[in-house]
Amino acid sequence: MLEKMIDLARNAMGRAYAPYSNFHVGAVMLGADGGTYAGCNVENAAYPQGCCAEASAISAMVMAGETRIAEVVVMGRGEGLVTPCGGCRQRIREFADDNTPIHICGEEGLRETLTLGELLPLSFGPENLKIKD
Ligand code: THU
């Protein structure tokens, strides 16, 4: 499955609309049902309105009726690891847990696998809103 997800992420990265940063990113969510949902970053002339690849992939996943993330692939170019930004770590957190693997890839393939708990320790999630009174 990981190789399939990496291929999908490479394809998604090729669809990125990133004329301002020229930094193309692809992301794939593997749903608990086994479905795969890809997204790319979509920038905007009003810069803050741009959308990360992970956010696009999560939207596609929810639109398909899936709300649990089993694994994530993120792919970008450059020397450094393209880990999800802080906001996207929280977006993933909504549908995943501390043990969810996040595979960080370059165009050539897998570079490193981290868990969401490593990337976003002591996170705040939907459970925190369940207060007993
Ligand atoms: N970007 C993503 O789409 N995902 C990441 O994990 C890191 C950054 C995008 C946002 C922006 O379009 C470009 O990369 C440069 O920051």
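Just above, that's the structure.
Residues numbered from 1 in each chain as written. Predicted model: local features only at pLDDT ≥ 70, side-chain atom pairs only at ≥ 80, totals over all residues. Heavy atoms only, no water.

Q: I'd like to hear about helix α1 (residues 2–14), residue by residue, with values.
A: Here α1 spans 18 Å end to end across 13 residues, near enough to the 18 Å set by a 1.5 Å rise per residue. Within the span of α1, buried status applies to M5, I6, A9, A12 and M13. Down the axis, α1 shows its buried residues gathered within 120° of arc, on one side only. Exposed and facing more than 90 degrees away from the buried side of α1 are E3 and G14. (Helix = DSSP H or I, 4+ residues; strand = E, 2+ residues; numbered from the N terminus. Expected span 1.5 Å × (residues − 1). Buried < 20%, exposed > 50% of the residue type's maximum accessible area, 1.4 Å probe, protein only. Arc of directions from axis to C-beta.)

Q: Describe the packing of aromatic side chains, with residues and values.
A: For the structure on display, the rule yields one aromatic pair. Plain terms: the ring middles of Y20 and Y47 are 5.4 Å apart, the flat faces sit at 40° to each other, and that makes the pair tilted. Taken together, the positions of Y20 in the loop between α1 and β1 (25–31) and Y47 in the loop between β2 (36–40) and α2 (53–63) put the pair 27 residues apart, joining distant regions of the chain. Here Y47 falls in the exposed class, since its relative accessible area comes to 60%. (Phe/Tyr/Trp six-rings, centres within 6.5 Å; stacked < 30°, edge-to-face > 60°.)

Q: Quick one: what's the story with the site of the ligand, residue by residue and with numbers?
A: Taken together, S21, F23, V25, N41, E43, C52, A53, E54, T83, P84 and C85 make up the full set of residues adjacent to the ligand. Take T83: an N or O atom from its main chain is 3.4 Å from an oxygen atom of the ligand. Burial of the ligand by the protein amounts to 76% of the accessible area it has alone, namely 380 Å². Judged by the fraction of its atoms near the pocket grid, the ligand is located in the largest pocket. (Near = heavy atom within 4 Å. Polar contact = N/O pair within 3.5 Å; in protein donor to acceptor, adjacent residues only side chain to side chain. Areas by Shrake-Rupley, 256 points an atom, 1.4 Å probe, with all protein chains shown as cover. 1 Å grid on protein atoms, 1.4 Å probe; cavity = no way out; pocket = protein on both sides within 12 Å on 5 of 7 lines; lining within 4 Å. Sits in = over half its atoms within 2 Å of the grid points.)

Q: Account for helix α3 (residues 86–93), naming residues and giving values.
A: Along α3, the residues classified as buried are C88, R89, I92 and R93. Across the axial projection of α3, the buried residues extend over an arc of 150°, all falling on one side. Contact partners of the buried residues in α3: α2, β3 (69–76), β4 (101–106) and α4 (116–119). (Contact = heavy atoms within 4.5 Å.)

Q: Account for the sheet that holds β2, naming residues and giving values.
A: Strand order in the open sheet formed by five strands is β2-β1-β3-β4-β5, and the pairing between neighbours is mixed. The outermost strands of the open sheet, each flanked by one partner alone, are β2 and β5 (109–115). Strand-to-strand, the axes of this sheet are offset by a mean angle of 20°, without reference to chain direction. Pairing of β1 with β2, which is carried by five bridges, proceeds in the antiparallel orientation. When the bridges of β2 are listed, G26 appears paired with C40. (Pairing = 2+ DSSP bridges. Axes fitted to C-alpha atoms, helices over the stretch in contact; angles between N-to-C directions.)

Q: Lay out the environment of V82 with the relevant residues and their values.
A: On the secondary structure map, V82 appears in the loop between β3 and α3. Under the relative-accessibility criterion, V82 is labelled buried at 10%. Spatially, the C-alpha atom of V82 lies 7.9 Å from that of G106, the residues being 24 residues apart in sequence.

Q: Provide a residue-level description of the state of the cysteines, including the pertinent values.
A: Throughout the structure, instances matching the rule amount to zero disulfides. With no disulfide of its own, C40 has C51 as its nearest cysteine by sulfur position, at a separation of 8.5 Å. Left unpaired, C105 is separated from the closest cysteine sulfur, that of C88, by 16 Å. C105 gets classed as buried once you look at its relative accessible area, which sits at 1%. (Disulfide = S-S within 2.5 Å.)

Q: Account for the pairing of β3, with residues named and values stated.
A: Summarising burial for β3: six of the eight residues are buried, a large majority. Pairing analysis gives seven bridges linking β1 to β3, with the strands arranged antiparallel. Residue pairing across strands places M29 opposite V72, the latter belonging to β3. Looking at chain direction, β3 and β4 are connected through four bridges and run parallel. Looking at β4, one finds that V74 is bridged to I104. Between the parallel elements β3 and β4, the chain passes through α3 in a crossover that is right-handed. (Right-handed = clockwise from strand over helix to strand, strands pointing away.)

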